[in-house]
Amino acid sequence: MDIIHLLPDSVANQIAAGEVIQRPASCLKELVENSLDAGAEHIRILVRDAGRTLLQVVDDGKGMSPTDARMAFERHATSKISSAQDLFSLRTMGFRGEALASICAVAQVEMQTRRVEDEVGALLEIEGSRVTRSEVCNCSVGTNIKVKNLFYNVPARRRFLKTDQTELRNLLNEFYHIALVYPRVNFTFASNEEVLVDLSAGTEKQRIEQVFGKGSSRSYTANLVDVRSDTDMVSIRGFVGKPETASRNAQQYFFVNGRFMRHPYFHKAIMTAFSGMLPGDFAPSYFIYFDINPEAIDVNIHPTKTEIKFVDEQAIFQILMAAVRESLGKFDIAPSLDFNRSGEIEMPFMTATPGSSSAPRVTVNPGYSPFRRETYAPQSSLTGWESLYQPSAPARTGLLFQPDGEELKPVLYKDRYILLPTADGLWIIDPRRAHQTVLYEQYMAQLGRQKAESQQVLFPEVMAVHPDQVSVLEEMMPDLEQLGFCLERLSKTEYSISGIPSVLSGKTVEPVVQNMLHEVVQTEQKASDGWRRSVVLSLSRDTAIPAGKHLTEEEMKDLITRLFALKNYQHTPDGKRVISVLSDEDIMGKFA
Ligand code: ADP
Ligand code: MG
């Protein structure tokens, strides 16, 4: 039986328009999702030149009839939905019926496919949407599709591609997004004939270990704690990293019904559960799998389908936060349990469901920070020549006293520099840079704690956002709120700024927010870590004292004390020198 039919236009139009294939990674995603939708158990991926010259996916799924093989490349040809109603009960990955049509429009495609009930398979060659070859062939059951010379007829697109290194990284990221939710499928990924990843079927935890634990003798998943919550609304399973393994580039993944998603709001739920346990810009790893009735989500709001709207986001936020808290609490009392193999093992205390009447067992100490010592440990003092370049802060204790108890006396030089005579020589400090460095650390720390105080503004400023940047702004939102901003969406591209951090009171804040957004967009940082630094960097620039501002002695002392309390006080977060030292030798040299 042939199973593919055309979607009526009315349905097609209901499906959000959008370009499906922007780069090799998006092409790979569509191909692999098709293999999974076809029930494949083994999927082999082969790329050459980061997908530029070849992207091949070989599966052992159900294959296609010769007619379906032809139909598959027509726009809106799909076997997966037939009416708008079906859109709301989707369980398959693809549904638009436009991926293969888009791919064959911009590449040379060769496909072999066979169903188990067919004696022979179908071979098709298509170039720029024109079928150039169509015949029967001998091939194994499943589908083998080669996409060659992607964008061969769209030079602009080709030029738009990044270096092979970057495109390969994009391919691998896309691949991991899928492989992590399909642990029971075997995958291999080869680049230029070299197998880079080989994943055998197993549990989710084993898959995570295979993907992130490789190359290390220490078990990656040993540092993960199980998270689990089953309610009528949603089932949540997964893992979060123990607080002490948090880092600046933690692996953070949400999946819903077998699909990778980004969800800044739920991210915030996890960060809230961790609040007080992590230093400034450190974040925990997490792998959270949501299972929810497809009718309670809309996967169709974004063309690349990674942003997903939930009907009941606030309730799920609470459920998620509680589940993570509970897991962290358990971990607190049972740190020596072997979580490594616990993918399948039921822990005795795992049976209680949230909301059950048993008394709360463990609460998390919000003041607990495994990093505190590291953060504030004084640097060992340096000796000899090194001290000239690495000033070993006379005031590292946070007080402006010399070792012999003499108070340091800062002097302001032309409102431009702070001069500070010390036992190590004459220190020259740039006050604006010092302030920027202090603020940067302060804001970063703020992101890991409870929300900063926010001031409601009487007449909110309205900010227009470039349509391309809306999604970036949305992603930044949890952090902006954490810093004390409150933005409300007025229309597709306009926001009102109704709350601001108190440091900005009385200032025009629209440019401040725009600057943060620009900084994030410009540095092209993706996901949690990078853009967060950009946000804070920009905000610290905009809130630091201007160069040439007059400072009182008290202000200087306060600034220096706060500066020296930091681990990195010699350079601004963007690498500019904060302190310069004139050593005694330097000074004496001038009189030689
Ligand atoms: P969609 O996945 O949205 O339905 P595609 O353009 O990706 O649209 O694919 C069109 C149709 O081709 C699918 O609905 C499916 O029936 C068929 N198809 C594509 N790839 C495969 C595959 N690897 N194995 C079996 N059938 C496939
Ligand atoms: Mg598809």
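Residues numbered from 1 in each chain as written. Chains lettered and ligands numbered in written order. Predicted model: local features only at pLDDT ≥ 70, side-chain atom pairs only at ≥ 80, totals over all residues. Heavy atoms only, no water.

What follows concerns the overall build of the chain. Along the backbone of the chain there are 17 helices and 24 strands. A total of 592 residues make up the chain; the buried ones form 49% of that total. Contacts in the chain between residues far apart in sequence, at least 24 positions, make up 69% of those at least 6 positions apart. Carbon and sulfur atoms make up 51% of the accessible area of the chain, which totals about 28,600 Å². (Helix = DSSP H or I, 4+ residues; strand = E, 2+ residues; numbered from the N terminus. Buried < 20%, exposed > 50% of the residue type's maximum accessible area, 1.4 Å probe, protein only. Contact = heavy atoms within 4.5 Å. Areas by Shrake-Rupley, 256 points an atom, 1.4 Å probe, with all protein chains shown as cover.)

Between helix α12 (residues 431-448) and helix α16 (residues 553-564), the shortest axis-to-axis distance is 9 Å and the interhelical angle comes to 50°. Here α12 is positioned oblique relative to α16, judged by the angle of their axes. Crossing of α12 against α16: the hand is left-handed. For the pair α12 and α16, the contacting residues are Pro431, Ala434, His435, Thr437, Val438 and Gln442 in the first and Leu559, Arg562 and Leu563 in the second. The residue inventory of the contact of α12 with α16, partitioned by class, reads 5 nonpolar, 3 polar and 1 charged. (Axes fitted to C-alpha atoms, helices over the stretch in contact; angles between N-to-C directions. Parallel < 35°, antiparallel > 145°, perpendicular 65-115°, else oblique. Left-handed = near helix turned anticlockwise from the far one by under 90°. Nonpolar A, V, L, I, M, F, W, Y, C, P; charged D, E, K, R; others polar.)

For the rest of this paragraph, the subject is the nonpolar core. Ranked by size, the top nonpolar core spans 58 residues in total, and within it Phe73, Phe175, Phe187 and Phe189 carry the most contacts. Considering each element in turn, this core owes the most residues, 7 residues, to helix α6 (residues 164-179). Setting aside chain neighbours within four positions, we find phenylalanine 73 in contact with Leu100, Ala101, Cys104, Val109, Met111, Leu124, Ile126 and Ile145. With 32 residues, the next largest nonpolar core counts Phe282, Tyr286, Phe317 and Leu320 among its residues. (Core = buried A, V, L, I, M, F, W, Y, C linked by side-chain atoms within 4.5 Å.)

Here we take up the sheet that holds strand β18 (residues 411-413). With antiparallel pairing, 4 strands are arranged side by side in an open sheet as β18-β19-β20-β24. This sheet does not close on itself; its edge strands, each paired only once, are β18 and β24 (579-582). Looking at each pair of strands side by side, their axes are set apart by 30° on average, direction ignored. Relative to β24, strand β20 (residues 425-429) runs antiparallel, the two being bridged by 4 bridges. Following the sheet pairing, leucine 426 is matched in β24 by leucine 582. Of the strands in this sheet, β18, β19 (417-422), β20 and β24 are in contact with α16, which crosses β19 at around 70°. (Pairing = 2+ DSSP bridges.)

Turning our eyes to something else, we now look at the environment of glycine 506. Note that glycine 506 resides in the loop between β23 (494-501) and α14 (510-522). Residue classification places glycine 506 among the exposed positions, given a relative accessible area of 85%.

On to the sheet that holds β23, then. Strand order in this open sheet of 3 strands is β21-β23-β22, and the pairing throughout is antiparallel. Only two strands of the sheet have a single neighbouring strand rather than two, namely β21 (454-464) and β22 (486-489). Neighbour-to-neighbour, the strand axes of this sheet turn through a mean angle of 20°, independent of strand direction. Relative to the sheet, helix α13 (residues 470-482) contacts β21, β22 and β23, its axis offset from that of β22 by approximately 145°. Here α14 sits on the sheet in contact with β21, β22 and β23, set at roughly 65° to β21.

Moving on, we come to α6. In an α-helix there are 3.6 residues to a turn, and that puts residues three or four apart on one side. When the terminal C-alpha atoms of α6 are compared, their 22 Å separation across 16 residues agrees well with the 22 Å that a helix rising 1.5 Å per residue should span. Burial runs high along α6: 12 of the 16 residues are buried. Looking at α6, one finds that the buried residues are Thr166, Glu167, Leu168, Asn170, Leu171, Leu172, Glu174, Phe175, Tyr176, His177, Ile178 and Ala179. (Expected span 1.5 Å × (residues − 1).)

With their axes 8 Å apart at the nearest point, helix α8 (residues 264-273) and α13 run at an angle of 35° to one another. Note that α8 runs across α13; the crossing there is right-handed. Packed against α8, whose contacting residues are Pro264, Tyr265 and Lys268, the element α13 presents Glu474, Glu475, Pro478 and Glu481 at the interface. Counted by class, the contact of α8 with α13 contains 3 nonpolar, no polar and 4 charged residues.

The side chains of a regular strand alternate between both faces of the sheet. The buried fraction of strand β5 (residues 108-114) amounts to 5 of the 7 residues, a majority that puts the element mostly inside the structure. Here 6 bridges tie β5 to strand β6 (residues 121-127), and the two strands are oriented antiparallel to one another. Note on β6: the bridge partner recorded for glutamine 112 is leucine 123. Sheet analysis places β5 next to strand β8 (residues 142-148), joined by 7 bridges and oriented antiparallel. Following the sheet pairing, methionine 111 is matched in β8 by isoleucine 145.

A word on the environment of tyrosine 417. Checked against the element boundaries, tyrosine 417 lands in strand β19. The spacing of tyrosine 417 and proline 431 is 14 residues in sequence and 6.3 Å in space, taken between C-alpha atoms.

Turning next to the state of the cysteines. Enumeration over the complete set of coordinates arrives at 0 disulfides. Distance from the sulfur of cysteine 139, which forms no disulfide, to the nearest cysteine sulfur (cysteine 137) is 3.7 Å. With a relative accessible area of 16%, cysteine 139 lands in the buried category. (Disulfide = S-S within 2.5 Å.)

A word on the confidence of the model for the chain. Per-residue confidence for the chain gives a mean pLDDT of 79; residues scoring 70 or more make up 78%. Note that residues 9-18 has pLDDT below 50 and, in this model, 16 contacts with residues that lie over four places away or in other chains. Segment residues 333-399: pLDDT under 50, and 92 contacts once partners within four positions in sequence are set aside and those in other chains are kept. (pLDDT = per-residue confidence, 0-100.)

On to unusual backbone geometry. Located in the positive-phi region is phenylalanine 151, a residue other than glycine, with phi close to 65°. Within the fold, phenylalanine 151 resides in the loop between β8 and α5 (155-160). Of note in this structure, lysine 414 is not a glycine but carries a positive phi near 50°.

The next thing to look at is the side chain of arginine 114. Summarising the element assignment, arginine 114 is placed in strand β5. Although buried, arginine 114 forms no salt bridge, and the nearest oppositely charged side chain, glutamate 119, lies 7.0 Å from it. Of note is the side chain of arginine 114, whose polar atom sits 2.8 Å from the backbone oxygen of aspartate 118. One polar contact links the side chain of arginine 114 to the main-chain carbonyl oxygen of cysteine 139, over a distance of 2.6 Å. Each residue touching arginine 114, except ones within four places of it in the same chain, is listed here: Lys62, Gly63, Met64, Glu119, Val120, Gly121, Cys139, Ser140, Val141 and Gly142. (Lys, Arg positive; Asp, Glu negative; His and termini not counted. Salt bridge = Lys/Arg side-chain N within 4 Å of Asp/Glu carboxyl O. Polar contact = N/O pair within 3.5 Å; in protein donor to acceptor, adjacent residues only side chain to side chain.)

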